[in-house]
Amino acid sequence: MAGKEMTHSDVLVARRDTPGTQSVIHFNNAGAALMPHQVVDTVKEYTEFEAYRGGYEAAGAAKDKIDAVYRSIAGMISCSPDEIASVENATRGWDYIFYSLPFSAGDVVITSETEYGSNVTSFLQMKRSRGVLVEVIPNDPATGVLDVNSLSNAIASIGERAKLVAISHIPTSNGVVHPAEKIGSICREYDIPFLLDACQSVGQLPVDLGQIHCDALTATSRKYLRGPRGQGFLYVNKRGHFWDLEPMYLDVRSARNDESSPTGYQVLPGAIRYENFERSYANWLGMGAAVDYACKWGLDAIERRICFLAETLRRRLEDEVKGTTVTDYGERKCGIVTFTIDGVETDEIKAALAKEKINVSFSQASSTPFDMRKRKLSSVVRASVHYYNSEDEITLLIQGLKRLR
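Residues numbered from 1 in each chain as written. Predicted model: local features only at pLDDT ≥ 70, side-chain atom pairs only at ≥ 80, totals over all residues. Heavy atoms only, no water.

(A) Layout of the state of the cysteines. Summed over all chains, the structure comprises zero disulfides. Left unpaired, Cys-199 is separated from the closest cysteine sulfur, that of Cys-334, by 11 Å. Not part of a disulfide, Cys-295 finds its nearest cysteine sulfur in Cys-79, a span of 12 Å. (Disulfide = S-S within 2.5 Å.)

Here is the structure:
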């Protein structure tokens, strides 16, 4: 149904496919979404297959299914299957690229105000260990998204010392969607590597690598893709800067011992050089089932449904819950809705709602340190909607919040 709207009947089908909707109201999809039974069944069936067949033997027998996941992911994000690597999670995939780069003192990493805390920590570690500098690009005051003119000017001013642009497509503590396509075009113009953290965008909205032109992209299974935890993928552009990069860590999956080579080993071509031999095939197949399930609905339809629910929630929070401040900004927003309530701590809100079987989360300043500290926000409640959520569930959330006042 790609390109179509999700109807009321479609939502009912999605809810029937999602056993968790019968027991909780789940607004923590930016943390880990509820899995549809198609994903759960895939993980369970393969795990049982391993138990009765043997781990290595099961993987060999399921090779065609395992290989098909690469094709499913490639189809979803418009790339080639050999540009996809299986990784434990988005952060680890991001690390494989970042920590393999040959940074030197004075090199500059360029990032956004809303960069994810784990990535920021890596920048700071590289600053301490190698003297790398970090340039933070401000948001455009008129649009709320990363200021692409400032980005272009910064790259031009820094010159050859600019070694990497690393941006989170969607931050963890704000509903803004940064213009990845424009960022990619600028990086292409200046021939600077572009590493895109897409862990909150893949599964929530269309991600077309034919339009974005990043050198690498990282994504996770557990969030909007609705797959199992402990699984993600890494995209490496075969025409980009990282295709021939030698990873910091190698094993028998990513390289081969070769006495004829000057180094004694050969790194394998393709994104496979970023994979490990030991991995969870159950989770990989589960993520593949999640990709296929998302593509069945269509990412355009999913984004429209999510944005409708998110805007409904933002409006009702501001109109109906006294003392609420919605803290999202940006001309393009997504399903992550963040807010504060005067006089009530965010952890208290989370705990009170949990007693009513309503799941929300909260993000602290350490999650997006540049942005939240600039705005003097120590913590915000995060209610992240997905297409299987209903308007009735939003009403129950609003009622639960009103009881806190």
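(B) Here's a closer look at the sheet that holds strand E12 (residues 336-341). Read from one edge to the other, the open sheet built from four strands follows the order E11-E12-E15-E14, with strand pairing classed as antiparallel. Edge positions in the sheet fall to strand E11 (324-326) and strand E14 (361-364), since each of these pairs with one other strand and no more. Between one strand and the next, the sheet's axes are offset by a mean angle of 40°, whatever the strand orientation. Where E11 lies against E12, three bridges are found, and the strand directions are antiparallel. (Pairing = 2+ DSSP bridges. Helix = DSSP H or I, 4+ residues; strand = E, 2+ residues; numbered from the N terminus. Axes fitted to C-alpha atoms, helices over the stretch in contact; angles between N-to-C directions.)

(C) Quick peek at the nonpolar core. Ile-77, Ile-110, Val-165, Leu-217 and Phe-233 are the most contacted members of the largest nonpolar core, which has 96 residues in total. The element best represented in this core is helix H10 (residues 281-297), accounting for eleven residues. In this structure, Phe-233 is in contact with Ile-73, Met-76, Ile-77, Ile-84, Ala-85, Val-87, Val-202, Leu-217, Thr-218, Ala-219, Leu-225 and Met-287, ignoring residues within four places of it in sequence. Counting 25 residues, the second-largest nonpolar core is a separate cluster that includes Ala-85, Leu-234, Phe-242 and Tyr-274. (Core = buried A, V, L, I, M, F, W, Y, C linked by side-chain atoms within 4.5 Å. Buried < 20%, exposed > 50% of the residue type's maximum accessible area, 1.4 Å probe, protein only. Contact = heavy atoms within 4.5 Å.)

(D) Molecular detail of the packing of helix H4 (residues 63-77) against H10. Two numbers describe how H4 lies on H10: the axes approach to 9 Å, and their chain directions differ by 40°. For the element pair H4 / H10, the angle class is oblique. When the axes of H4 and H10 are compared, the crossing they make is left-handed. On H10, the residues that touch Lys-65, Ile-66, Val-69, Tyr-70, Ser-72, Ile-73 and Met-76 of H4 are Tyr-281, Trp-284, Leu-285, Met-287, Gly-288, Val-291, Asp-292 and Cys-295. The residue makeup of the contact of H4 with H10, split by class, is eleven nonpolar, two polar and two charged. (Parallel < 35°, antiparallel > 145°, perpendicular 65-115°, else oblique. Left-handed = near helix turned anticlockwise from the far one by under 90°. Nonpolar A, V, L, I, M, F, W, Y, C, P; charged D, E, K, R; others polar.)

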